[in-house]
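Working through the structure, step by step
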Amino acid sequence: MVGQHSRWTPSGVETQDPERIAIREALAFGKALYDRRTELGWSSAQLAERTGMEQDDIECIEEGGTAPTLALLRLLAAALDSDVHLTPGHDLGSLWFEGHAA
């Protein structure tokens, strides 16, 4: 048993909570986008222009405020000239953009 705030929950239960999983996935998505964008030396405004999105939307993704969807991953991968890679799990590093070979 693990103490969590003022209640007790069995160990591991908190890691299976769908809300926590969604948060971790959104954070992994945001980090992956930020890492690739900065690797390219682009500002969030430049990426927004390339995707047809608003700069605020790019910043929201990078801050972990947007859940990854297939359509959004495809749009961003195309703009970043990258492939999207996913691994099992929901933590940072479970999603990344890898640039195409030159």
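Here's what I pulled together on the structure shown here.

Let's talk about the overall build of the protein
Tallying secondary structure elements over the protein gives 4 helices and 4 strands in all. Along its sequence from the N terminus, the protein presents helices and strands in the succession β-β-α-α-α-α-β-β. Sorting the 102 residues of the protein into buried and exposed places 29% on the buried side. For the protein, the proportion of contacts with a sequence separation of at least 24, taken over those separated by at least 6, is 48%. Carbon together with sulfur atoms contributes 53% to the accessible area of the protein, which is approximately 6,500 Å² in total.

Section: the nonpolar core
Ranked by internal contacts, the top residues of the largest apolar core, which has 17 residues, are Phe29, Leu33, Leu47, Leu76 and Phe97. The contact partners of Leu33, leaving out residues within four places of it in the chain, are Leu47, Ile58, Ile61, Glu62, Leu76, Leu80 and Phe97.

With respect to helix 2 (residues 44–51)
Every buried residue of helix 2 is accounted for by Ser44, Leu47, Ala48 and Thr51. Along the axis of helix 2, the buried positions cluster into a sector of 105 degrees, meaning they face one direction only. Exposed side of helix 2, more than 90 degrees from the buried face: Glu49 and Arg50 are the residues found there. Its buried side turned inward, helix 2 meets helix 1 (18–40), helix 3 (55–62) and helix 4 (70–79). At the C-terminal side of helix 2, Gly52 shows a positive phi close to 80 degrees.

Reading the values: the criteria
Residue positions are counted from 1 within each chain, in the order its sequence is given. Totals for whole chains, interfaces and linings use all residues, but because this is a predicted model, local features are given only for residues with pLDDT of at least 70 and pairs of side-chain atoms are given and counted only at 80 or more. To get the side-chain values, all heavy atoms of the structure are used, and hydrogens and water are removed first. Only DSSP runs of H or I reaching four residues or more are called helices, and only runs of E reaching two or more are called strands; each is numbered from the N terminus. Each residue's exposure class comes from its accessible area (1.4 Å probe, protein chains only) as a fraction of the maximum for that residue type: buried when under 20%, exposed when over 50%, partly exposed otherwise. The contact criterion used throughout is that any non-hydrogen atoms of two residues lie within 4.5 Å. Using a 1.4 Å probe, accessible areas were evaluated by the Shrake-Rupley method; residue-level cover was limited to the displayed protein chains. In plain words, nonpolar cores are sets of buried Ala, Val, Leu, Ile, Met, Phe, Trp, Tyr and Cys residues tied together by side-chain atoms within 4.5 Å. Our arc is simply the arc of the directions from the helix axis toward the C-beta atoms.

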